[in-house]
Amino acid sequence: MPSEPRYDSGMNKFKALGFLFVFLVPATLPTAAWLAVQTGWLNLMAWYPLFFLFVLIPATDFLLGHDPVNIAQADESKVSQQIWFKALTLLVLPVQCATLIWSCLWFVDQDLNFFGMTGWLFSQGIVSSILAINVAHELIHKDAKLETAFGGILLTSVGYYGFKIEHLRGHHVHVSTPEDASSARFGQSLWAFMPEAMFRNTRNAWKLEAERLKKLGIPLFHWRNEMLGWSALWVGFCAAFYFGTGWMGLLFFIAQGLFAACSLEVINYVEHYGLERRKLEDGRYERTTHLHSWNSDYALSNLLLFQLQRHSDHHAFPKRRYAILRHHEDSPQLPGGYAAMFVLALCPPLWHRVMDPRVLKFKEQLA
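Figured I'd write up the structure that's included with this text. (Residues numbered from 1 in each chain as written. Predicted model: local features only at pLDDT ≥ 70, side-chain atom pairs only at ≥ 80, totals over all residues. Heavy atoms only, no water.)

**Describing unusual backbone geometry**
Note: most peptide bonds trans; most residues except glycine with negative phi. Phi is positive for S176, which is not a glycine, with a value near 60°. Locating S176 in the fold gives a position in the loop between α9 (163–174) and α10 (190–215). One non-glycine residue, F306, adopts positive backbone phi at about 50°. Within the fold, F306 resides in the loop between α12 (299–304) and α13 (311–316). (Helix = DSSP H or I, 4+ residues; strand = E, 2+ residues; numbered from the N terminus.)

Below, the structure written as structure tokens:
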């Protein structure tokens with residue numbers, strides 16, 4: 001069971017350094033390549049990053065347990081302004097680019113069969129979802145232009161740049177309502193949710209940007225159309241991978257981005273499954289609070305994900321930097337970290353058996 005939150009003055013150095021663990025994620029790819037050489041099992045070792053992230057990490061998560069410690073409110077501003085926490089997220093962009101280039105070169109140079117190619121592309125997709133999408137999610141919520149630009153480039157590296165617009169202007173407005181493409185309904189399976197979410201989120205991004213430009217009196221095909229700008233950058237990425245490594249390189253780049261985007265929607269499914277904001281008498285929905293997202297305070301996976309799992313507090317206070325996100329004991333609590341829940345969501349019968357009773361119990365508590 002999750003622990004009661006504790007409050008510390010500042011953040012201890014071990015936890016601050018612990019956020020470096022995120023860079024273990026891209027390291028799983030060269031580790032897999034090294035293991036392939038050592039064992040001779042080239043195609044099997046292409047799946048090693050998935051074993052690390054979805055078997056070893058959840059097991060270690062459960063062994064290490066929870067981290068319910070919050071930063072004391074009086075110290076939040078001081079901690080949030082420390083350059084260390086900002087620098088780590090900015091560093092992810094060059095690491096993501098370097099990882100993609102190295103991984104693509106390894107992919108096209110190896111004699112992988114279909115099993116091995118599939119494993120490597122899935123592995124890179126998951127690595128990109130953690131490096132590019134998770135960190136971009138942190139950056140696009142900030143006011144500094146450098147951070148939002150880095151966030152947009154990271155999202156473009158997986159071809160899901162519409163998230164930058166739809167997430168801020170769509171998801172955070174409509175979360176836990178039927179209007180939100182990223183909030184799964186009670187009883188809905190992941191496999192029904194995911195394609196619908198990807199289509200609606202992409203469509204909504206173009207629509208929201210068109211509406212913004214219309215209010216400014218600017219035509220859709222204009223340099224200030226953010227979606228056109230990111231689309232042009234994505235085409236540039238595609239061209240670079242094609243001219244650098246041929247058709248296989250282009251396939252690699254597009255496929256890893258697709259798998260990364262799918263992984264994002266799996267996490268969206270986990271974060272908001274079955275939760276609802278009540279509709280008020282005036283037709284509007286109640287204000288979003290920490291009661292409208294699933295929370296998880298497992299220590300290791302929160303370090304690996306820059307505390308994304310403290311998602312309840314993120315939706316209550318979207319601009320909080322990850323270092324000061326709070327654990328709320330009265331938020332709906334997931335029974336595991338995101339890695340464990342990701343695997344569970346892939347099997348709808350098991351997911352519903354575990355999660356549906358929790359949804360119903362939480363709704364009873366609110367009634």
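The discussion continues.
**Remarks on the pattern of salt bridges**
Tallied over the entire structure, the rule returns 17 salt bridges. Put simply, D75 and K78 hold a salt bridge, and the shortest N to O gap is 3.7 Å. Look at D75 and you get buried, because its relative accessible area is 15%. R278 serves as the salt-bridge partner of E286, at 3.4 Å between the closest nitrogen and oxygen. On the accessibility criterion, E286 (16% relative accessible area) is buried. Overall, the relative accessible area of 58% leaves R278 in the exposed class. (Salt bridge = Lys/Arg side-chain N within 4 Å of Asp/Glu carboxyl O. Buried < 20%, exposed > 50% of the residue type's maximum accessible area, 1.4 Å probe, protein only.)

**A word on the environment of Y338**
Relative to the helices and strands, Y338 is located in helix α14 (residues 338–345). Note on Y338: relative accessible area 3%, which makes it buried. Residues Y338 and N12, 326 residues apart in the sequence, show an inter-C-alpha distance of 24 Å. What Y338 contacts, discounting residues up to four positions off in sequence, is I267, V270, E271, W294, L305, L308, Q309 and H311. For Y338, the side chain forms a polar contact with the side chain of E271, separated by 3.2 Å. (Contact = heavy atoms within 4.5 Å. Polar contact = N/O pair within 3.5 Å; in protein donor to acceptor, adjacent residues only side chain to side chain.)

**Topic: helix α8 (residues 145–156)**
Between its terminal C-alpha atoms α8 stretches 16 Å, which fits the 16 Å expected from twelve residues at 1.5 Å a residue. Inspection of α8 places E147, T148, G151, G152, L154, L155 and T156 among the buried residues, and these make up the whole buried set. Considering only its buried residues, α8 is in contact with α6 (83–109), α7 (114–140), α9 and α11 (226–272). (Expected span 1.5 Å × (residues − 1).)

**Points about the packing of α8 against α11**
One way to put it is that α8 packs onto α11 with a least axis distance of 10 Å and a crossing angle of 40°. Comparing the axis directions of α8 and α11 gives the class oblique. Between α8 and α11 lies a crossing of right-handed hand. Together, A149, G152, I153 and T156 of α8 and W230, L233, W234, F237 and F253 of α11 make up the contact between the two elements. Here the contact of α8 with α11 is composed, by residue class, of seven nonpolar, two polar and no charged. (Axes fitted to C-alpha atoms, helices over the stretch in contact; angles between N-to-C directions. Parallel < 35°, antiparallel > 145°, perpendicular 65-115°, else oblique. Left-handed = near helix turned anticlockwise from the far one by under 90°. Nonpolar A, V, L, I, M, F, W, Y, C, P; charged D, E, K, R; others polar.)

**Observations regarding α14**
Most of α14 sits inside the fold, with six of its eight residues counted as buried. If you check which residues of α14 are buried, you get Y338, A339, M341, F342, L344 and A345. Contacts made by the buried residues of α14 are with α4 (48–64), α7, α10, α11, α13 and α15 (348–366).

**Considering the packing of aromatic side chains**
Scanning the entire structure with this criterion turns up 24 aromatic pairs. Taking the centre distance of 6.1 Å and the plane angle of 55° together, the rings of W102 and W120 count as tilted. Here W120 lies in helix α7 and W102 lies in helix α6, a separation of 18 residues in the sequence. With relative accessibility at 0%, the residue W120 sits in the buried group. Through successive ring pairs, a cluster of aromatic residues spans F107, F237, F241, F252 and F253. The ring of F317 is capped by R320, whose NZ or CZ atom sits 4.3 Å from the centre of that ring. Stacked on the ring of F317, the Lys or Arg R326 has its end atom at 5.8 Å from the ring centre. (Phe/Tyr/Trp six-rings, centres within 6.5 Å; stacked < 30°, edge-to-face > 60°. Lys NZ or Arg CZ within 6 Å of the ring centre and 35° of its normal.)

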